[in-house]
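Chain and residue survey
Single-letter residue listing:
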Amino acid sequence: MEVIPIVSLKSAGATTAALALATVWPEQRPAPVVLECDPAGGDIAAHFDLPLTPGLVSVALAMDRPADVGEGMGVDLRLHSQVLPDRRDRSLVHVVVAPTSPEEMRRPLALLAEKLSFLAATETDILLDCGRLEAASIQGRTPTVRLLQQAGLAIVVVRPQLSELRRLAVWLPVLRSGHVEVMALLSQRGPYAESEIAHTLEVEVIGSLPDDPASAAIVGGGAAGPRPDRLPLLRAARATAAALVDRLATVGRHRDSSEAVLGTVVPLTGGTR
Ligand SMILES: Nc1ncnc2c1ncn2[C@@H]1O[C@H](COP(=O)(O)OP(=O)(O)OP(=O)(O)O)[C@@H](O)[C@H]1O
Ligand SMILES: [Mg+2]
C-alpha cells in the first residue's frame, strides 16, 4: 500500500489530478482509492451526485471506535468508498467522499493527521486529495501538514506560472525540513517547461497535465464525455501515474530508512513569507 498525498497551490487542480491518476492507475497495481481530505470540504459528492455516506465521515467514526474494526487492524477504506457513476469504461474509480463544510472536516482530518497508519488495513494505493497548501500551514502545523509529514511525501500540483512557482519555492524548504519528499505535478498553462522548473527550483517534476478544460470537466466535474483514453488529460495522467508508481518504490526505500515513516512527525522549520 502506498499513501500518496496530493496538494495544490491556489486550486491548481488537486482534485482533478487525483481523479485522473486514479482513472488510469497502472494495471499491475490494485485499483486505488481516492480519499478526499481537503480541509475546505469535499467537492466530489456534489460533482458526481453521490451521497455523503459512506465516506470520510464513516471513516472517522470507525477510527473513533477502534474496537469495531479490530485491535490493530485499522480501517479498510474500500468499505467506505463509492464508485464514481457512469465512467463509460471499466476503470472503476473508488472514492471516499468528504462532507462539504470545513466544520465537518475538522474531526476526520484531526484523526487522520494523528493516525494515518490506521489506513494500513487498506490493501491498495491511496490517493489523498489534501486540497490547497495554505499560508497558515507554514507555521501552524495544520492537520494537512502533519498528514504530509506522516506520509513523507507530497505531490504538489502547480501551474507553470511565475507566481505559483514562487509559492512552490517557499514551500519546498518548509516541507523538506519536515522530511516530506516533494514532487511537482504541473497542471494547466504557463510559460515554463518541466526541465527549466526542475533545474531552477531543484525539484523533481513527476509529470505534466495539459490545459484541457473539457477533459477536466469530465474527469473531475462529472460531465459526460467520450472514453477516457481519448482525453488528452488522461493520456498525460497515464504517463504520470506510471512514472509515479516507478518512483514510489525508491521513495518507499528512503522512507523505511529514515525517521519519516508513517506515524513519526518531526518539527517543521522555515517559513519566511
Ligand atoms: N488540466 C486542467 N486543464 C484545464 N482545467 C483544469 C485542469 N485541471 C483542473 N482544471 C479546472 O480547474 C478548476 C480547479 O480544479 P480542481 O477542482 O481540480 O482544483 P483543486 O486544486 O482541487 O481546487 P480546490 O482548492 O478548489 O479544491 C476546475 O474548474 C477544473 O475543471
Ligand atoms: Mg479540490
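Structural data are supplied above this passage.
Residues numbered from 1 in each chain as written. Chains lettered and ligands numbered in written order. Predicted model: local features only at pLDDT ≥ 70, side-chain atom pairs only at ≥ 80, totals over all residues. Heavy atoms only, no water.

Before going further, it helps to examine the site of ligand 1. Close to ligand 1 lie 18 residues; Ala14, Thr15, Thr16, Pro210 and Asp212 are nearest. Separating an oxygen atom of ligand 1 from a backbone N or O atom of alanine 12 is a distance of 3.5 Å. Proline 210 places a main-chain nitrogen or oxygen 2.8 Å from a nitrogen atom of ligand 1. Those elements that place two or more of their residues in the shell around ligand 1 are helix H1 (14-23) and helix H10 (213-219). The biggest single contributor to the shell around ligand 1 is H1, with 3 residues. (Near = heavy atom within 4 Å. Polar contact = N/O pair within 3.5 Å; in protein donor to acceptor, adjacent residues only side chain to side chain. Helix = DSSP H or I, 4+ residues; strand = E, 2+ residues; numbered from the N terminus.)

What follows deals with the pairing of strand S1 (residues 3-8). The element S1 is extensively covered by neighbouring structure, given that 6 of its 6 residues are classed as buried. Side chains of S1 alternate between two faces, with Val3, Pro5 and Val7 and Ile4, Ile6 and Ser8 buried alike. Across 3 bridges, S1 lies against strand S6 (residues 153-158) in parallel orientation. Looking at the pairing, valine 7 lines up with valine 156 of S6. (Buried < 20%, exposed > 50% of the residue type's maximum accessible area, 1.4 Å probe, protein only. Pairing = 2+ DSSP bridges.)

A word on the pairing of strand S5 (residues 126-132). Extensive coverage of S5 is indicated by the burial of 6 of its 7 residues. Two elements, S1 and S5, share 5 bridges in a ladder whose sense is parallel. Bridge pairing in S5 places isoleucine 4 opposite leucine 127. As paired strands, strand S2 (residues 33-36) and S5 are joined by 4 bridges and run parallel to one another. Pairing of leucine 35 across the sheet is with leucine 128, part of S5.

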